[in-house]
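# Residue-level structural notes
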Amino acid sequence: MSLIKQLWLTVIFILLLAFGGSLFISVTSSRHYIEQEVEIKNRDNANALALTMSQMDKDPVTIGLLLAAQFDTGHYRRIELRDPQGEIIDLREGPEGVTDVPAWFVELVDFEVVPGRAVIQDRWRQYGTLILQSQHSYAYRSLWRSTLALLGWFFLAAVLSLLLAGWIVRTIRQPLRHVVQQAQQIGERRFTTLPAPRTRELREVVMAMNQLSRAVRDMLGEESQKLDLLRRRLQHDSVTGALKRDAFLDQLQTHLESQDSRASGTLALVRLARLAEVNERLGHGDTDALLHVLANRLEQFGKVCGGGVVGRLNGSDFALLLPGSHDLETLRDELGKRFTELRQHNPVPLGLPAALIDYAQGDQRRLLLASLDGALSAAESRGDQSLVIAQGPQRLSLFTSHDEWRCALHEAMSKGISLARYPVLDSEGKLLHFESPSRLRLNSEWQPAGVFMPWISRLELNSQFDLAVIDEAVRDISQRHEPLGINLSAASIQDARFVMELQARLKARPEVAERLWLEIPESLAIHDLARFRSLCQALQPLGCRIGLEHVGAEFTRIADLQDLGLAYLKIDRTLIKEVNKVAEQQTILRGMATLCHSLGILAIGEGVENLDEASMLFELGLDGATGPGIRQHDKPTDC
Amino acid sequence: MPPPSHRTLDSPGRRRFLSTLGSLSLAIGLGLQPSSAQADFSVQRLRQSMQRLYGPRGLSSLEAWFALVERLAGADLRTQLEGVNDFFNRRIRWIDDIHVWGQEDYWATPLEALGRGEGDCEDYSIAKYVTLKELGIPDDQLRMIYVRARIGRSSITQAHMVLGWYQTPSVQPLVLDNLVPTITPAELRTDLDPLFSFNSDGLWAGGSSQSRADPLARLSRWRSVIERMREQGFI
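Sequence order as written defines the numbering, with residues in each chain counted from 1. Written order determines the labels here, with chains lettered from A and ligands numbered from 1. With pLDDT at 70 or above as the cut-off, local features in this predicted model cover only qualifying residues; side-chain atom pairs require 80 or more to be listed or tallied, and sums for whole chains, interfaces and linings still use all residues. Excluded from the side-chain calculations are hydrogens and water; all other atoms, namely the structure's heavy atoms, are used.

### A short note on the overall build of chain B
We apply this condition: Secondary structure elements are taken from DSSP: a helix is a run of H or I of four residues or more, a strand is a run of E of two residues or more, and numbering for both begins at the N terminus. Buried means the residue's accessible area, taken with a 1.4 Å probe over protein chains only, is under 20% of the maximum for its type, while exposed means over 50%, and partly exposed covers the values in between. It only takes one pair of heavy atoms within 4.5 Å for two residues to be counted as in contact. Surface accessibility follows the Shrake-Rupley procedure with a 1.4 Å probe radius. Residue values consider only the protein chains on display as shielding.
When helices and strands are tallied, chain B shows seven helices and seven strands. Counting helices and strands in the order they occur from the N terminus, chain B gives α-α-α-β-α-α-β-α-β-β-β-β-β-α. Taken over 235 residues, chain B has a buried fraction of 50%. Taking all contacts inside chain B whose residues are at least 6 apart in sequence as the whole, residues at least 24 apart take part in 58%. For chain B, the exposed surface amounts to about 11700 Å²; the carbon and sulfur share of it is 55%.

### Comments concerning the side chain of D363 of chain A
Short version of the rule: N or O atoms closer than or at 3.5 Å make up a polar contact, with two conditions inside protein: a donor-capable atom paired with an acceptor-capable one, and, for residues adjacent in sequence, both atoms drawn from side chains.
Turning to its location among the elements, D363 of chain A is positioned in the loop between β8 (354–359) and α10 (365–382). Of note is the side chain of D363 of chain A, whose polar atom sits 2.8 Å from the backbone nitrogen of A360 of chain A.

### A short note on the sheet that holds strand β10 (residues 417–419) of chain A
All names here are of chain A. To keep it simple, the criterion reads: By this definition, two strands are paired if DSSP reports at least two bridges between them. Interaxial angle, 0 to 180 degrees, is taken between N-to-C directions of lines fitted to C-alpha atoms, where a helix line uses only the stretch in contact.
If you walk across this open sheet you meet the three strands as β10-β13-β14, and the pairing is antiparallel. Each of the sheet's edge strands pairs with one partner strand only, and the pair in question is β10 and β14 (445–448). When the angles between neighbouring strand axes are averaged without regard to direction, this sheet yields 40°. Pairing of strand β13 (residues 438–442) with β14 involves four bridges; the strand directions are antiparallel. Along β14, the bridge assignment pairs R441 with W446. Helix α12 (residues 449–458) rests against β13 and β14 of the sheet, and its axis sits at about 70° to β14.

### Re the sheet that holds strand β18 (residues 568–571) of chain A
All names here are of chain A. With respect to topology, eight strands assemble into a closed barrel ordered β11-β12-β15-β16-β17-β18-β19-β20, the strand pairing being mixed. In the sheet, strand β12 (residues 431–435) pairs with strand β15 (residues 484–487) via two bridges, with the strands oriented parallel. Looking across to β15, one finds that E435 is bridged to G485.

### Topic: empty space enclosed by the protein
Empty pockets left among the atoms are what a rolling probe the size of a water molecule brings to light. Residues and elements named next belong to chain A. Test applied: A cavity here means a set of points on a 1 Å grid, drawn over the protein atoms and nothing else, where a 1.4 Å probe fits but cannot get out; a pocket is an open set with protein on both sides within 12 Å along at least five of seven lines, and a residue lines either one if it has an atom within 4 Å of a point. Grid points are joined across faces, edges and corners, and a volume is the space filled by probe spheres set on the points. Residue type decides the class: Asp, Glu, Lys and Arg count as charged, Ala, Val, Leu, Ile, Met, Phe, Trp, Tyr, Cys and Pro as nonpolar, and the leftover types, Gly among them, as polar.
In the structure shown here, the tally under the stated rule is two cavities of 30 Å³ or more. Its volume calculated, the second largest cavity comes out at about 50 Å³. Surrounding the second largest cavity, E522, I526, L548, V551, E554, F555, R557, I558, L561 and L569 form its lining. Mapped by element, the contributors of at least two residues to the lining of the second largest cavity are α17 (522–527), β17 (545–551) and α19 (558–561). Looking at the lining of the second largest cavity residue by residue, the class counts come to seven nonpolar, no polar and three charged.

### Some details on the packing of helix α4 (residues 137–187) of chain A against helix α5 (residues 200–235) of chain A
Working note: a packed helix pair is described by the angle between its axes plus the distance between those axes. All names here are of chain A. Basically, it comes down to this: Oblique is the label for any angle not under 35 degrees, not over 145, and not in the 65 to 115 range, which are roughly parallel, roughly antiparallel and roughly perpendicular in turn. Here is the rule for handedness: rotate from the far helix to the near one, and if that takes an anticlockwise turn smaller than a right angle the crossing is left-handed, while a clockwise turn gives right-handed.
Relative orientation of the contacting elements α4 and α5 amounts to 25°, with a least axis distance of 11 Å. Put simply, α4 runs roughly parallel to α5. Where α4 crosses over α5, the handedness of that crossing is left-handed. Every residue of α5 that contacts α4 at I172, P175, L176, V179, Q182, A183 and I186 is listed here: L202, V205, V206, M209, N210, L212 and S213.

### Brief notes about the state of the cysteines
Residue and element names in this part refer to chain A. For the record, the criterion: Only a pair of cysteine sulfur atoms within 2.5 Å counts as a disulfide in this structure description.
In total, this model carries zero disulfides over all chains according to the counting rule given. Among the cysteines around C536, which has no disulfide bond, C544 carries the closest sulfur, lying 9.1 Å off. The class for C536 is buried, based on a relative accessible area of 1%. For C544, a relative accessible area of 4% puts it in the buried group.

### Description of the pattern of salt bridges
Residue and element names in this part refer to chain A. For clarity, the threshold we go by: A pairing counts as a salt bridge when a side-chain nitrogen of Lys or Arg comes within 4 Å of a carboxyl oxygen of Asp or Glu.
Scanning the model with the defined rule gives 40 salt bridges over all chains in all. For R271, the salt bridge identified is with D317, shortest N-O distance 2.7 Å. Taken together, the positions of R271 in strand β5 (residues 265–271) and D317 in strand β7 (residues 317–323) put the pair 46 residues apart, joining distant regions of the chain. In this structure, the salt-bridge partner of R421 is D476, at a minimum N-O distance of 3.2 Å. Of this pair, R421 sits in the loop between β10 and β11 (422–426) while D476 is found in helix α13 (residues 462–480), placing the two residues 55 residues apart along the sequence.

### What about a nonpolar patch on the surface?
Here is the rule: Each patch is built from residues lacking any salt bridge and having more than 30% relative accessible area; the joining distance is 9 Å for like charges and 5 Å for nonpolar side chains (Val, Leu, Ile, Met, Phe, Trp, Tyr).
Side chains of W153, L156, V159, L160 and L163 of chain A sit close together on the surface and give an oily, nonpolar patch of about 550 Å² of accessible area. Looking at the element boundaries, L160 of chain A is found in helix α4.

### A closer look at helix α6 (residues 121–134) of chain B
Residues and elements named next belong to chain B. Threshold: By this rule the span expected of a helix is its residue count minus one, scaled by 1.5 Å.
Taking 1.5 Å per residue as the helical rise, α6 with its 14 residues ought to reach 20 Å, and the 20 Å between its terminal C-alpha atoms agrees with that figure. For α6, a buried count of 12 out of 14 residues is recorded, marking the element as mostly surrounded by other parts of the structure. Within the sequence span of α6, burial applies to C121, E122, D123, Y124, S125, I126, A127, K128, Y129, V130, T131 and L132. Following α6 by one or two positions, G136 adopts a phi angle in the positive range, close to 100°.

### Observations regarding the pairing of strand β1 (residues 76–82) of chain A
Residues and elements named next belong to chain A. Where burial is concerned, most of β1 is hidden: five out of the seven residues are buried. Taken together, the six bridges between β1 and strand β4 (residues 125–134) define a ladder with antiparallel strand orientation. Among the inter-strand pairings, I79 is bridged to a residue of β4, identified as L132. Both β1 and strand β2 (residues 88–93) contribute to a ladder of five bridges, which runs antiparallel. Considered in β2, the bridge of R82 is made with I88.

Here's what the structure looks like:
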């Protein structure tokens, strides 16, 4: 039996005991007292009347009158006068008189009152015996009323004490439930903390568990920072902190091949002109500082635009990738403003020519960079402050205007979304889930997400589109009973109505929710941690798994996310690529996998190109792999 | 006359249960002990009481009383009446309560009257009443009678109490009095004017000697003396 139920039973038992006892004692003692009082009254009245009669003539009329007078003016049930032989001389009898008291109560109480007796003297002889019974039905009534009053009072007291008990139970139950929840979460390796409750015993437990959670969090923070340091050494330029050339080009490739809104945007190339000259005038140290400042400015600009990536392609050239940004003119002006500011704060004149180009899914990286190079050379020749927009590769755009896109997307969504299926396999080749990027039928051809996702974002159709995708996934899962992984966009998770709708859909289909894996780009989750947190809290109780994709740069923040109960992390392809050849990458991935496992999180590698990479990943302890090199029914490991 | 009380066997079980439980809980609540019923007077207790209250002189009177009861037991009625009447008339000196007990009207038990060797009219009557009852004379034949007594041939009257013995309730009684040493039929006692009579009828629960009186009932003088007798060992 639960503690709370025992508490309730005890309270009710004590109440009943108190009431039953007090009622019983009150009724029996009143009954005893009333019996005594009536008995004394009987005796005294009988004596008084007999005394009077003894002094009178024993004329029957006088005797009768005296009897009647006593009876009529008093409260009697019965007065009888018997002669010494026991024959009745006179008798007065009144009605029973108990009318408004339940019969069972009268029977239960049933006063036993001895009648009063007294002998009437006629000189020396005995004339007769008076036997007198008082009316005591009023006593039943008053006893009944006091019982009812006691009952009423008891109910009032019971209601009050139950309310009080309820309040006490609630103040215990709420924190108790939280403590149990925290213990369960720690059991699931989610190291949450709780505010300390007021109840002392619970507070001690909570404080102990909080301490455990904090210790784990600190440990995680340290570990992930170490790993991040390794990663930075591997991928980032030591002078400026920007990505190294190779790492940046990988990122660019990933973006160009991606299936979401990253698939189109703007790429910029910035050059610090005449670097050797600047170096000569400022000295080596100050030049490095200048480069660092420049990279920082670009980094900041990238953050403002959202999801920007900065890379140092060579000594003087920086590349800036701005996914999802399409307005080249505005970008150019903004960038120009920032450069002007930088120039003004610098003692030597700086040449900062730049070129911008837009990119879209399927573009060739080589061609994009070549166009940019050409444009940058032209810009440099035009002057130090010139920013030019390069002509992008000729692309066959599906639609020419916003309105056309909007109509086409609405139409396609109403016709239905198709989900592609890329398997995510574990080390034994078993399916974890299918990665399911969406496809829309545009211009009577199924188009991959990279084509239309930028437009979905641009036209702010994300919530609507994601709900349609969820509906399709629900349909798919209920037909095929295979787990699917679905991407959610940042705009959707920021939309409270979307979250509610999603919750409602999953609540209705718990068996589907179990097979649904929802993933969100790491940078977006970190960017809006509060929203992501509330999304997790809303959806996890329903049974679906929530994970992050493209995990890399922000891995240090995993300590902040550990209490969310993430089910899996998909590690970005820049860390996976050629992992079988680079020892540093192996160290980082092994550390990440270990860290994930200590939190009960699955670590999955993205963008695996071949079986060699896959088998290395599994050797490092990763739980799953996905990418072009992973096909179902292929045994990824050699054994 | 039948004993007036039947608080016993014919009551339904539930009621008995209720009243027993009730009185038990009350008794426990008030710290009372149910006293054990006694069929006869207790020689031992009477001696102890007398020793405690009046010392050896009282004790010798008590022994005389025991002897009297023993001698008269089984004797014929007339002998019993005369024996008891004489015993107390001789043993107890008449004196007003105010001098003996320091209060206007004090009803003494036989033990108290014997112990002090003095008392007034009701003390004589009570002592005779109790002794005759002990000798087996039925309760309804004995009545204490309030009378107005004329002293000598004067017109001075005085409140007085005598014990009457009734052969049947409707005839004239024999009067046991301390003013006139011999037992006289009532019609010959022209100096006495009867007013009212009583006995302990109804104060005893159905033939048993246990008083049904509650502590509250001791407020009555008559019942108070009965209670004291019970405590001292009579009854």
